[in-house]
Amino acid sequence: MEKRGLLIVISGFSGVGKGTVAKRLVKDYGYSLSVSATTRAPREGEVDGVDYYFKSEADFKNLIDYNGFIEYARYVDNYYGTPRMFVENELAAGRNVILEIEVQGALNIKRQYPDAVLIFIAAPTVTALKDRLIGRGTEKEAVVAKRMKRASEEAKEMENYEYIVINDELDVCVQNVHAIVISKRCELHQNLNFISETQEGFAQL
Ligand code: 5GP
């Protein structure tokens, strides 16, 4: 029997490089990546339907009313939500799905999908994080300050995660996340059907 896929929730401070980690997991290991909807304006280079589905607030609220999201949250003045259909279809097809979402969303997902793996990607130091956020050059000073403040709040939530992975070297970070997922898929309770099938196989000898 085809196993359902796993939900892998990746959170981390703004600017920590979690988007890059997620893209590498797709490229290197064939994970599916959920594209979120948001009311925030696109950054330069961001493409609708690839980075996000960019929505007006009215459209976003409409989707909430139609139960179109498995979770949504407000983050720094904008809404972000995970479209339901894609995630459900991919899990049913046995594929591992990455959600790159913030803390409130992660906890919400864990309540609905207890098998979901919650991974927090951290920077090696707070200074390294701030340097990266400034260095990215996509955010105005006030936004950087707002995101650092939000990050300091998120640091208090790190304890809600099951795994902390430091993104110092990208390759190592990607391999560590993949190792966590492999280990999760090998857990006893993820393999109960396989055990029954094996035992039945012996019974039929
Ligand atoms: P950004 O504006 O930098 O792209 O994203 C801001 C924050 O929103 C990030 O922490 C990102 O992980 C989070 N985020 C992106 N999509 C979703 C989503 O669908 N749901 C939730 N809860 N958070 C999201």
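Data block above holds the structure.
Residues numbered from 1 in each chain as written. Predicted model: local features only at pLDDT ≥ 70, side-chain atom pairs only at ≥ 80, totals over all residues. Heavy atoms only, no water.

Caption draft 1: Inspection of the sheet that holds strand E1 (residues 7–12) at higher detail. In spatial order, the strands read E2-E7-E1-E8-E9; together these 5 strands make up an open sheet with parallel pairing. Every other strand in the sheet has two partners, leaving strand E2 (32–33) and strand E9 (163–166) as the edge strands with one partner each. Looking at chain direction, E1 and strand E8 (residues 117–122) are connected through 5 bridges and run parallel. Residue pairing in the sheet places serine 11 in a bridge with phenylalanine 120 of E8. Relative to strand E7 (residues 97–100), helix H3 (residues 84–92) is tilted by about 150 degrees, and along the sheet it contacts E1, E2 and E7. Contacting E1, E7 and E8, helix H4 (residues 103–112) crosses the sheet at an angle of about 155 degrees to E1. (Pairing = 2+ DSSP bridges. Helix = DSSP H or I, 4+ residues; strand = E, 2+ residues; numbered from the N terminus. Contact = heavy atoms within 4.5 Å. Axes fitted to C-alpha atoms, helices over the stretch in contact; angles between N-to-C directions.)

Caption draft 2: Main features of the pattern of salt bridges. Per the stated rule, a full pass over the model turns up 14 salt bridges. Across the pair lysine 184 and glutamate 187 runs a salt bridge whose closest N-O atoms are separated by 3.7 Å. Several salt bridges share partner residues, and in doing so they unite Arg24, Asp28 and Asp171 into one network. (Salt bridge = Lys/Arg side-chain N within 4 Å of Asp/Glu carboxyl O.)

Caption draft 3: Molecular detail of helix H6 (residues 141–155). With 15 residues, H6 extends 21 Å from end C-alpha to end C-alpha; this agrees with the ideal 21 Å at 1.5 Å per step. Three or more residues of H6 are buried, namely Val144, Arg147, Met148, Arg150, Ala151 and Glu154. Projection of H6 onto a plane perpendicular to its axis shows the buried side chains occupying an angular sector of 165 degrees, all on one side. Opposite the packed face of H6, turned more than 90 degrees from it, sit the exposed residues Glu141, Ala142 and Lys149. Buried-residue contacts for H6 involve E1, strand E5 (69–75), H4, E8 and helix H5 (126–136). (Expected span 1.5 Å × (residues − 1). Buried < 20%, exposed > 50% of the residue type's maximum accessible area, 1.4 Å probe, protein only. Arc of directions from axis to C-beta.)

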